[in-house]
Amino acid sequence: MTSAGTHIPVDPVTAGLREIRERLGRITDGEVANYIPELARADPDAFGIAVVSMSGHRYLAGDTDVAFSIQSVSKPFVYALALADLGLDAVLRRVNAEPSGEAYNAISLEPGTGRPANPMVNAGAIVTTSLIVAPDAAARFERIRACLSAFAGRDLDVDEQVYASEAATGDRNRALAYLMRGAGSLVGDVHEIVETYFRQCSVRVTAADLAVMAATLANGGVNPLTGVTVIQEPVAVQVLALMATCGLYDEAGAWLLRAGLPAKSGVSGGLIAASPARLGIAVYSPPLDVAGNSVRGVKALTEASERFALHLMHRPLQQTLTVTDRSTAREHPSARPRDAAATAILRRDGRRIAIVSAQGTLEFTETERLLNEVRTALPPAPGWLVLDLERVTHVAKGAAAMLGATLGDLVRSGYEVAVTAQESMAKEAHRDGDTWTVFAGREQAVAWCEDRLLAGRG
Ligand code: DON
């Protein structure tokens, strides 16, 4: 082990997963699900933990390539497909988004309308499946299978034995579906819809697959292994929100409190969690607690969340903006050749051209700080501002709006504003009708402001 050059030390993520797996592997609590008879055949000792990072790197410990049926872990992904097909408002009219605080197979239906409480309980998932746009049941299932496959980054198939087993014993789900059709909240052929739902639950995955699927949600809908955009980012955000509040049924509140991650469990022993912009993580361990969640899975993901500091409510360390210069054209004039009279004017009045340079990324906090720096730097109106963002590498959507609005206000208050930015970012912030000007570099921006100042002097 110690002879130099023969062993690359294991990375800290794998080491962490192995350590958690080894320790929690000793837990023998919980029961393997048997209400779907085929699931009872699962090995209670099987235990795998997989992580997939945003760069598509996989970290595996234990039984991460054992195949099992996805069960309820399919629900958030099929919900994503329904949202992509119909949009949030239309889907919400059919399936609510309130944590039921009840078991996954509860009759969680709204009094009067029969609308299910959320898409993570069976009732809501059955309606969600029925919403997938397709000409017939076979095409609907094929869209679901293709969607799950795109999330996993490989072609998934159905465990026909699990499907047959659930189809033979799934009367509670049929009863739920008939109740909903009676209430008007489920529309269509009950038999076909429930069979499609059973097939969806029987799609075969491994813990390694589930980690890729979770990582795709964490990555704004882009599969980090294949690079394929599986769903648009707003849909990924909606799905993660639903998983955070409803993913673990009657354990959802305690889960969010302790692990602080959007998650989803299934009765075959799968459990996923997504840490936005960081990783997807999945566990396979069949013994379940009374709420139907994997005993070791819940513990393993809670520990992983603590170990890697993933809790959503942590204060993010995103203050990456550095203001690299706050000066004026008096100290930092352009190199444009000027005659003696112009040089004299600029030496005297160059301080009316404020220059603020920054680098890093702009989200809310950074933009708020930058705009305060701008306010402090500004000369009294009328004056000029060079906002040099050439080395800003990313502007978040909300930040671009804050920036655009402030620059527009400055122009209306009598300032002329010259912005330098990488092209894509300039486009992001600049709207038609904006009266501030974008330059390719700081030198041109300062020279332009100087020209405008001198033009004002005739
Ligand atoms: O409908 C059922 O009962 C199963 N096909 C799925 C339930 C499930 O996975 C609940 N999760 N913990």
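See the structure above.
Here we summarise the structure given alongside this text. (Residues numbered from 1 in each chain as written. Predicted model: local features only at pLDDT ≥ 70, side-chain atom pairs only at ≥ 80, totals over all residues. Heavy atoms only, no water.)

Regarding the overall build of the protein
Part 1: Each helix and strand in the protein was counted, giving 17 helices and 12 strands.
Part 2: By its C-alpha atoms, the protein is 95 × 65 × 35 Å across when sized along the principal axes.
Part 3: Taken over 458 residues, the protein has a buried fraction of 53%.
Part 4: In the protein, the proportion of contacts linking residues at least 24 apart, taken out of those at least 6 apart, comes to 72%.
Part 5: With the model as given, the accessible surface of the protein reaches about 20200 Å², and the carbon-plus-sulfur share is 53%.
Part 6: Separation between the mean location of the 44 positive side-chain charges and that of the 52 negative ones in the protein comes to 6 Å. (Helix = DSSP H or I, 4+ residues; strand = E, 2+ residues; numbered from the N terminus. Buried < 20%, exposed > 50% of the residue type's maximum accessible area, 1.4 Å probe, protein only. Contact = heavy atoms within 4.5 Å. Areas by Shrake-Rupley, 256 points an atom, 1.4 Å probe, with all protein chains shown as cover. Lys, Arg positive; Asp, Glu negative; His and termini not counted. Charge placed at Lys NZ, Arg CZ, Asp CG, Glu CD.)

A short note on the site of the ligand
Part 1: Within the structure, the ligand sits among 14 residues, and Tyr-35, Gln-71, Ser-72, Glu-166 and Tyr-197 are positioned closest to it.
Part 2: In this structure, an oxygen atom belonging to the ligand sits 2.9 Å away from a main-chain N or O atom of Val-267.
Part 3: Here Gly-292 contributes a backbone N or O atom positioned 3.1 Å from a nitrogen atom of the ligand.
Part 4: Isolated, the ligand exposes 340 Å² of accessible area, and the fraction of that covered by the protein chains is 99%.
Part 5: Counting atoms within 2 Å of the grid points, the majority share of the ligand lands in the second largest cavity. (Near = heavy atom within 4 Å. Polar contact = N/O pair within 3.5 Å; in protein donor to acceptor, adjacent residues only side chain to side chain. 1 Å grid on protein atoms, 1.4 Å probe; cavity = no way out; pocket = protein on both sides within 12 Å on 5 of 7 lines; lining within 4 Å. Sits in = over half its atoms within 2 Å of the grid points.)

Some words on the sheet that holds strand 5 (residues 263-265)
Paired through backbone hydrogen bonds, the strands of a sheet run either parallel or antiparallel to each other.
Part 1: Taken in spatial order, the five strands make up an open sheet running 2-1-7-6-5, and their pairing is antiparallel. A strand with exactly one partner marks an edge of an open sheet, and here the two such strands are strand 2 (58-62) and strand 5. Each strand of the sheet is rotated relative to its neighbour by a mean of 10 degrees, with strand direction disregarded.
Part 2: With respect to the sheet, helix 1 (residues 12-24) is in contact with strand 1 (48-53), strand 2 and strand 7 (279-284), its orientation differing from that of strand 2 by roughly 25 degrees. (Pairing = 2+ DSSP bridges. Axes fitted to C-alpha atoms, helices over the stretch in contact; angles between N-to-C directions.)

Let's talk about unusual backbone geometry
Part 1: At the junction of Ala-381 and Pro-382, the peptide bond is cis and its omega measures out at -5 degrees in the coordinates.
Part 2: On the secondary structure map, Pro-382 appears in the loop between helix 14 (364-377) and strand 10 (383-395).
Part 3: Located in the positive-phi region is Gln-71, a residue other than glycine, with phi close to 50 degrees.
Part 4: Along the chain, Gln-71 turns up in the loop between strand 3 (68-69) and helix 2 (75-86).

Structural notes on the pattern of salt bridges
Part 1: Tallied over the full model, the rule gives 24 salt bridges.
Part 2: Between Glu-195 and Arg-174 there is a salt bridge; the shortest N-O distance is 3.3 Å. Placement of the pair is Glu-195 in helix 8 (residues 190-201) and Arg-174 in helix 7 (residues 171-183), with a sequence separation of 21 residues.
Part 3: Given a relative accessible area of 11%, Glu-195 falls into the buried group.
Part 4: In this structure, Arg-338 and Asp-451 form a salt bridge, with 2.6 Å as the shortest nitrogen-oxygen distance. Of this pair, Arg-338 sits in the loop between strand 8 (322-328) and helix 13 (340-349) while Asp-451 sits in helix 17 (residues 442-456), placing them 113 residues apart in sequence. (Salt bridge = Lys/Arg side-chain N within 4 Å of Asp/Glu carboxyl O.)

Concerning the nonpolar core
Part 1: Grouped together as the largest cluster of nonpolar side chains are 68 residues, with contacts concentrated most on Phe-151 and Leu-210.
Part 2: When neighbours within four sequence positions are excluded, Leu-210 is seen to be in contact with Phe-68, Ile-70, Val-73, Val-205, Gly-270, Ile-272 and Ala-282. (Core = buried A, V, L, I, M, F, W, Y, C linked by side-chain atoms within 4.5 Å.)

Some thoughts on the packing of helix 14 against helix 15 (residues 397-412)
Part 1: Two numbers describe how helix 14 lies on helix 15: the axes approach to 9 Å, and their chain directions differ by 20 degrees. Of the possible angle classes, the one that applies to helix 14 and helix 15 is roughly parallel. The chirality of how helix 14 crosses helix 15 is right-handed. Of helix 15, the residues touching helix 14 (which contributes Phe-364, Thr-367, Glu-368, Leu-370, Leu-371, Val-374 and Arg-375) are Ala-399, Met-402, Leu-403, Thr-406 and Leu-410.
Part 2: Here the residues of the contact of helix 14 with helix 15 are counted per class, giving eight nonpolar, two polar and two charged. (Parallel < 35°, antiparallel > 145°, perpendicular 65-115°, else oblique. Left-handed = near helix turned anticlockwise from the far one by under 90°. Nonpolar A, V, L, I, M, F, W, Y, C, P; charged D, E, K, R; others polar.)

Structural notes on the packing of aromatic side chains
Part 1: Taken as a whole and assessed by the stated rule, the structure comprises five aromatic pairs.
Part 2: A centroid spacing of 5.3 Å and a plane angle of 50 degrees characterise the contact between Phe-439 and Trp-448, whose relative ring orientation is tilted.
Part 3: Under the relative-accessibility criterion, Phe-439 is labelled buried at 15%.
Part 4: Here the basic side chain of Arg-199 rests over the ring of Phe-141, its NZ or CZ set 5.3 Å away from the ring centre.
Part 5: Directly above the aromatic system of Tyr-163 lies the positively charged group of Arg-199, at a separation of 4.8 Å from the ring centroid. (Phe/Tyr/Trp six-rings, centres within 6.5 Å; stacked < 30°, edge-to-face > 60°. Lys NZ or Arg CZ within 6 Å of the ring centre and 35° of its normal.)

Let's talk about the environment of Gly-188
Part 1: Structurally, the position occupied by Gly-188 is in the loop between helix 7 and helix 8.
Part 2: Overall, Gly-188 belongs to the partly exposed group, its relative accessible area being 37%.
Part 3: Once the C-alpha coordinates of Gly-188 and Leu-131 are considered, the two residues, 57 residues apart in sequence, prove to be 9.7 Å apart.

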